[in-house]
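Survey of secondary and tertiary structure
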Amino acid sequence: MKNTLVAVSSVLIAISSAAFAQSETPSFTEVDTNADGILNKQEADQALPALGLSDSNQDGVISKGDVKKVLPDIEFEGDDESAIGSAEYQQIVQVMEQLMDRAG
Ligand SMILES: [Ca+2]
């Protein structure tokens, strides 16, 4: 359940891999609760609380640049101002899983 993720520290490397592994990574359709195809701040906080994403330009939408600030390893197509959609969300999940593997 998503709730198990809420307690996770905002320090990425401190993510409990056990807690994450126990919870099924939510699909984008589950994460995109208002079904507009992009990730807003609320949806990101709900789905990826461990990242502690900030909405730098305060438009309520998480942009690729916002994600890159906390996940510098990630490489998105397109410009940093555009929003996170399904494909980008998959990338985020993938990078987080890689980081957690590395963290052991
Ligand atoms: Ca949305």
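An account of the accompanying structure is given in this report. (Residues numbered from 1 in each chain as written. Predicted model: local features only at pLDDT ≥ 70, side-chain atom pairs only at ≥ 80, totals over all residues. Heavy atoms only, no water.)

Here's the deal with the pattern of salt bridges
Enumeration over the complete set of coordinates arrives at five salt bridges. We note a salt bridge from Arg102 to Asp73, for which the minimum N-O separation is 3.7 Å. One end of the pair, Arg102, is in helix H6 (residues 86-103); the other, Asp73, is in the loop between helix H5 (64-70) and H6, and 29 residues separate them in sequence. (Salt bridge = Lys/Arg side-chain N within 4 Å of Asp/Glu carboxyl O. Helix = DSSP H or I, 4+ residues; strand = E, 2+ residues; numbered from the N terminus.)

Focus: the nonpolar core
Leu39, Leu48, Val67, Leu71, Ile84, Tyr89 and Ile92 are the most contacted members of the largest nonpolar core, which totals 21 residues. Looking at this core, the elements with two or more residues in it are helix H3 (28-31), helix H4 (41-47) and H6. Beyond its immediate chain neighbours, meaning those up to four positions away, Val67 contacts Leu53, Ile62, Ile74, Phe76, Ile84 and Ile92. (Core = buried A, V, L, I, M, F, W, Y, C linked by side-chain atoms within 4.5 Å. Buried < 20%, exposed > 50% of the residue type's maximum accessible area, 1.4 Å probe, protein only. Contact = heavy atoms within 4.5 Å.)

A few points about the side chain of Lys64
With respect to the helices, strands and loops of the structure, Lys64 is situated in helix H5. Those residues in contact with Lys64 that lie beyond four places of it in its chain are Phe76, Glu77, Gly78, Asp79, Asp80, Ser82, Ala83, Ile84 and Glu88.

Section: the coordination of the calcium ion
Those protein atoms acting as donors to the calcium ion are Asp32 (OD), Asn34 (OD1), Asp36 (OD), Ile38 (O), Glu43 (OE) and Glu43 (OE), and they sit at 2.2 to 2.5 Å. Coordination at the calcium ion is irregular: its six donor atoms span angles of 54 to 159 degrees at the metal. (Donors = N, O, S within 2.8 Å, 3.2 Å for Na, K, Ca; no water. Tetrahedral: all angles 85-135°; square planar, octahedral: opposite > 155°, others 65-115°.)

Describing unusual backbone geometry
A positive phi is found at Ala35, a non-glycine position, where the angle reads about 55 degrees. Locating Ala35 in the fold gives a position in the loop between H3 and H4. Classification of Ala35 as exposed rests on a relative accessible area of 63%.

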